[in-house]
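Summary of the model geometry
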Amino acid sequence: MESYSESQKQLARPYRKAVLRALLFITLVSGLLFFVLNTSRGNYPLAYVELGMALYSVFILWAIRRTAHLERWILAYTLPFFTAMMFALLSPRATATVFAWVLLVPILSHLLMGRRLGLAVSLFFMSVAAIIFFAKNRHDPELMEVLPIANITIMSMCILVFSHIYEITREQSESRLLKMAQTDPLTGLANRARLEDVFEREKRRSLRHGTPLSILLLDLDHFKKVNDDFGHEAGDMALRHVSDLLRRSLRATDLAARLGGEEFALILSDTTEEQSLAVAEKIRQAIAATPFHYYHSSITLTVSGGISEYQRDGDDLLTLLSHADRAMYHAKAQGRNRMVHASALRDEWIKRRHHR
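1. Digging into the sheet that holds strand β2 (residues 255-260)
Strand pairs in the sheet, formed through backbone hydrogen bonds, run parallel or antiparallel to each other. Here five strands make up an open sheet; going across it, the order is β2-β3-β1-β6-β7 and the pairing mixed. Two strands close off the open sheet at either side, each with one partner strand: β2 and β7 (339-341). With strand direction ignored, the average angle separating the axes of adjacent strands in the sheet is 20 degrees. Of the strand pairs in this sheet, strand β6 (residues 303-309) and β7 are connected by three bridges, and their pairing is parallel. Counterpart to Ile-307 in the pairing with β7 is His-341.

Given below as structure tokens:
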């Protein structure tokens, strides 16, 4: 769950949508222009392909206004667009200068599809273009000389490599910035922004597959006493110590986040009420049994927690945290160093009401 790939995709969508829109407008204008030019030259097949792409670009512009599936529309447009480009290269009346359009393939593919799919699409269509070029010009001695072919090949490879390197660098920079924006600097755990982002994704997965989803809220007991007795440096070390224990206690599919101060929130995917209580108890026992050392002092910590379950206790993160918070304060009131499920509070309230 620590992967940032989905967040990166969300972050990349606005700029990819902007690039796609620009390409669509250019296709609309150039398609109409080349339709007129090719019609005047009597090249009707290519003229109607150009007109078809111009009209298709209008449809795609309409389709991507509020789409949640931009990646699909990118493929739905670029693959026919590059195919139409190959058709133009095959046209008997096309000149050698038409092959300059092939240099757009790696640039657009990487900008719109990312480094992996962009590279695959680029290599495929550039290979097809190379086959068409040699098939059409094999009898032209001027174009088949080593120097022109070397120039075209090296230029094409340079653009392909530069596009790919740029996209790798962009993704790496984006990943670093995203991680910084969604990471608590003291503990290295996720922050609230990351928690909200992952919860929305896990919520969709829970609805799609019908799997349980739980939230665990933790608060260190008497943490102010640690700061008062040993200083804020010890308090910071205590928070890092607890964060390490949380990482070791959780699965790769779970997420631990620091909400602020000594409060932590955990997303437990595919976890029922009974399982979430077992996980909470495991964490509680690990923290209580593992004191941390500050100079010559051994400091024992305890934690209280509240658990809520998606759909049973609420349908959004704020409501689930609120229910978990009430359960956690009930645990504090009962003597601390314990875990309480929100359902236990609900059952207790129902019993009291029944006895009245």
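Once you've had a look at it, read on.
2. Focus on the pairing of β2
The sheet contact formed by β2 and strand β3 (residues 263-269) spans five bridges and is antiparallel. Paired with Ala-257 across the two strands is Ala-265, which belongs to β3. Counted along the chain from β2 to the antiparallel partner β3, the turn is two residues long, and its residue Gly-261 has a positive phi close to 55 degrees.

3. So, helix α11 (residues 317-333)
Under the 1.5 Å per step criterion, the end-to-end length of α11 is 24 Å for 17 residues, consistent within 8% with the ideal 24 Å. Taken together, the buried positions of α11 are occupied by Leu-317, Leu-320, Leu-321, Ala-324, Ala-327, Met-328, His-330, Ala-331 and Lys-332. Here α11 starts with a cap whose side-chain oxygen sits 3.2 Å from the backbone nitrogen of Leu-318, and that cap is Asp-316. Positioned one or two residues after α11, Gly-335 has a phi angle of 120 degrees, which is positive.

Cut-offs applied
- Residues numbered from 1 in each chain as written.
- Predicted model: local features only at pLDDT ≥ 70, side-chain atom pairs only at ≥ 80, totals over all residues.
- Heavy atoms only, no water.
- Pairing = 2+ DSSP bridges.
- Helix = DSSP H or I, 4+ residues; strand = E, 2+ residues; numbered from the N terminus.
- Axes fitted to C-alpha atoms, helices over the stretch in contact; angles between N-to-C directions.
- Expected span 1.5 Å × (residues − 1).
- Buried < 20%, exposed > 50% of the residue type's maximum accessible area, 1.4 Å probe, protein only.
- Polar contact = N/O pair within 3.5 Å; in protein donor to acceptor, adjacent residues only side chain to side chain.

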